[in-house]
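# Observations on the model geometry
Letter by letter, the chains look like this.
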Amino acid sequence: KAAAAAFLELARERDAGAGLLGTLGLDPVGRRARTGEGPDVDDVVPTATAVSSEFPRVRAVVVDALPVHGAGASDAQELGFSLAAGVAYLRALTGAALDLATAAGLLEFRYAATAEQFPTIAKLRAARRLWSRVTEASGQPLPQFQHAVCSPSMLTRRDVHGNLLRGTVACFAAGVGGADAVTVAPFDAAVGEPDTFSRRIARNTQSLLVQE
């Protein structure tokens, strides 16, 4: 939260305004899932309301399903967690007098993309349909902004170059599944801090797949 406040203050100093694009990453629900402690859901409200009025292209809140994925959740459980967390944030934001469309637009949904190509594609497509149904029940069907992240738990520490294949398949599945943003992990991420080469390969994986 402090980092988000500092970032927004810098954006104001530079008069970024409506041109600023990005995600602040506020996620007390995900933090509690990871660590067992953290602030209440309402903690996101002050920053989110400020963002909605000053920086309309910035998403303040992340609905991060990776903690439950990393704990061994199935695809269905990952979807269920994300919907429950998304509804909790939606209630907090609309309770602070934001309209439904504005509140939903402040959310980024983060899902794990794995080397299981077709289940990943299906999960991302199902997530959008489910969220549309949730928002329809709330007043109007709205889209879901998705960020697919290559699953950390699928990476091996032995023969790390095999992770190149896993990352490529996961990235492809995320793109075909319709993710708005994709993060590919460097192939050596499981054994320590990635080096320059592995980071470049991770970036180029996306560029190559986009061209293909």
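This section reports on the structure supplied with the text.

Reading the values: the criteria
- Residues numbered from 1 in each chain as written.
- Predicted model: local features only at pLDDT ≥ 70, side-chain atom pairs only at ≥ 80, totals over all residues.
- Heavy atoms only, no water.
- Buried < 20%, exposed > 50% of the residue type's maximum accessible area, 1.4 Å probe, protein only.
- Helix = DSSP H or I, 4+ residues; strand = E, 2+ residues; numbered from the N terminus.
- Contact = heavy atoms within 4.5 Å.
- Core = buried A, V, L, I, M, F, W, Y, C linked by side-chain atoms within 4.5 Å.
- Axes fitted to C-alpha atoms, helices over the stretch in contact; angles between N-to-C directions.
- Parallel < 35°, antiparallel > 145°, perpendicular 65-115°, else oblique.
- Left-handed = near helix turned anticlockwise from the far one by under 90°.
- Nonpolar A, V, L, I, M, F, W, Y, C, P; charged D, E, K, R; others polar.
- Pairing = 2+ DSSP bridges.
- Polar contact = N/O pair within 3.5 Å; in protein donor to acceptor, adjacent residues only side chain to side chain.

### Concerning helix α2 (residues 28-35)
Looking only at α2, the buried set comprises P28, V29 and G30. Packing partners of the buried residues in α2 comprise β1 (22-26), α4 (66-70) and α5 (75-95). G36 sits one or two positions beyond α2 and adopts a positive phi of about 85°.

### Comments concerning the nonpolar core
Within soluble globular proteins, side chains that are nonpolar generally end up buried alongside one another. Grouped together as the largest cluster of nonpolar side chains are 51 residues, with contacts concentrated most on V51, L93 and L107. In terms of residues, this core owes the most to one element, α5, which gives 8 residues. Not counting residues within four places of it along the chain, the set of residues in contact with L93 comprises V44, V45, A48, L98, A103, L106 and L107.

### Considering the packing of α5 against helix α7 (residues 117-138)
Running from N to C, α5 and α7 point in directions that differ by 30°, and their axes come no closer than 10 Å. Here α5 is positioned roughly parallel relative to α7, judged by the angle of their axes. As α5 packs across α7, the resulting crossing turns out to be right-handed. In this structure, α5 contributes D75, E78, L79, L83, G86, V87 and L90 to the contact, and α7 contributes P119, K123, A126, A127, L130, W131, V134 and S138. Broken down by class, the residue content of the contact of α5 with α7 amounts to 10 nonpolar, 2 polar and 3 charged.

### Brief notes about the sheet that holds strand β5 (residues 181-183)
Read across the open sheet, the 5 strands follow the order β1-β2-β3-β4-β5; overall the sheet is parallel. Each of the sheet's edge strands pairs with one partner strand only, and the pair in question is β1 and β5. Looking at each pair of strands side by side, their axes are set apart by 35° on average, direction ignored. In terms of strand pairing, strand β4 (residues 146-150) meets β5 through 3 bridges, oriented parallel. Residue V149 lies in a different strand from β5, and its bridge partner there is T183.

### Points about the environment of T94
With respect to the helices, strands and loops of the structure, T94 is situated in helix α5. C-alpha separation for the pair T94 and T114, spaced 20 residues apart in sequence, amounts to 34 Å. If near-sequence neighbours (up to four positions away) are discounted, T94 is found in contact with D99, L100 and A103. Among the polar contacts made by the side chain of T94, one reaches the main-chain carbonyl oxygen of R91 at a distance of 3.4 Å.

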